[in-house]
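These are the residues of each chain, in order.
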Amino acid sequence: MPLSIAEQREIAGIGNACSYALSLDNIWTVRLAGEAPAAGSDAASELIDVGAEMAATLTHIHEHVKLLYRFADELDELISARSDSFKEELPAGADEFLSALREAVQYVEGSAPEEVAAILRKIELINSGQAVAGDLKVKMRGALLMIAGAVVLGAAIAVVTLGVEELGGPIQNTCRQVGGTMFKQGLQDWRGAGSAIQP
């Protein structure tokens, strides 16, 4: 059964949440790379807020993995119905694209609770004035980027499928470029995660 309008809106929100989690992680990681803020200071409080919000955002994404699986299935159907020339515009081959997306969702399903627990432990350390290293795991960053990119690409595919030619050109191209870039970077991070030293 195709996704309802309400579910499509939820998917858009999840894509935004993935991007937001990555932005929070950038702030968190850069700030934690400096000198540890004093316990009870404004700087420590602000970092704790960033960490708590990142943990809440990851939890929100994790709570919607079943919907993300359905989104992947719907993308599969939409892509399968398109011409080979359209499939060539994807950031990876159609099979690889869909397989990588499903693996990313599966990874979030299995690993997001662990990431959240790690963030909460770091918050406790920050609260006591101890130095900690930030940074989500490379594979989690890759998974979130792939999901966010796929959601943007999904908007382009839906517009083309609907045959809205007046909107299809510029919207499709913009979504394809932005979503494709995000997905490619996520896939690169994902592939490189095996050899990366995790924080």
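Shown above is the structure to which this text applies.
Residues numbered from 1 in each chain as written. Predicted model: local features only at pLDDT ≥ 70, side-chain atom pairs only at ≥ 80, totals over all residues. Heavy atoms only, no water.

A. Quick peek at the overall build of the protein chain. Secondary structure assignment for the protein chain yields 7 helices and 0 strands. In the protein chain, which comprises 199 residues, the proportion classed as buried is 45%. A separation threshold of at least 6 residues defines the contact pool for the protein chain, and within that pool the share at least 24 residues apart is 81%. Summing over all exposed atoms, the protein chain offers an accessible surface of approximately 10,300 Å²; the carbon and sulfur share of this is 53%. (Helix = DSSP H or I, 4+ residues; strand = E, 2+ residues; numbered from the N terminus. Buried < 20%, exposed > 50% of the residue type's maximum accessible area, 1.4 Å probe, protein only. Contact = heavy atoms within 4.5 Å. Areas by Shrake-Rupley, 256 points an atom, 1.4 Å probe, with all protein chains shown as cover.)

B. Broad picture of the nonpolar core. In this structure, W28, F97, L101, V108, L144 and F183 are the most contacted members of the largest nonpolar core, which totals 57 residues. Put simply, the parts of the chain that give this core at least two residues each are α1 (5-32), α2 (42-62), α3 (65-80), α5 (94-127), α6 (138-162) and α7 (165-192). In terms of residue count, the dominant contributor to this core is α5 (14 residues). The contacts of F97, once residues within four sequence positions are left out, are L75, I79, P91, A92, A150, L153 and F183. (Core = buried A, V, L, I, M, F, W, Y, C linked by side-chain atoms within 4.5 Å.)

C. Up close: α5. Under the 1.5 Å per step criterion, the end-to-end length of α5 is 46 Å for 34 residues, consistent within 8% with the ideal 50 Å. At S111, α5 is bent by approximately 50 degrees, the largest bend along its length, and proline P113 sits one to four residues beyond. G129 lies just past α5 and shows a positive phi near 85 degrees. (Expected span 1.5 Å × (residues − 1). Bend = angle between axes of the 7 residues up to and from the residue.)

D. Geometry of the packing of α1 against α2. Two elements in contact, α1 and α2, have axes whose closest approach is 9 Å; the angle formed by their N-to-C orientations is 150 degrees. As the angle between them shows, α1 and α2 are arranged roughly antiparallel. Handedness of the crossing formed by α1 with α2: left-handed. Across the interface between the two elements, I14, A17, C18, Y20, A21, L24, D25, I27, W28, R31 and L32 from α1 touch L47, V50, G51, E53, M54, T57, L58, H60 and I61 from α2. Classifying every residue of the contact of α1 with α2 by side-chain character gives 14 nonpolar, 3 polar and 3 charged. (Axes fitted to C-alpha atoms, helices over the stretch in contact; angles between N-to-C directions. Parallel < 35°, antiparallel > 145°, perpendicular 65-115°, else oblique. Left-handed = near helix turned anticlockwise from the far one by under 90°. Nonpolar A, V, L, I, M, F, W, Y, C, P; charged D, E, K, R; others polar.)

E. Inspection of the environment of E74 at higher detail. The residue E74 is located in helix α3 in this model. Overall, E74 belongs to the buried group, its relative accessible area being 17%. Residues E74 and P2, spaced 72 residues apart in sequence, show a C-alpha to C-alpha distance of 6.6 Å.

F. Fine view of the environment of A94. One can find A94 in helix α5. For the pair A94 and D76, spaced 18 residues apart in the sequence, the C-alpha separation amounts to 8.4 Å. Apart from the residues lying within four places of it in its own chain, the contact partners of A94 are I79 and K87.

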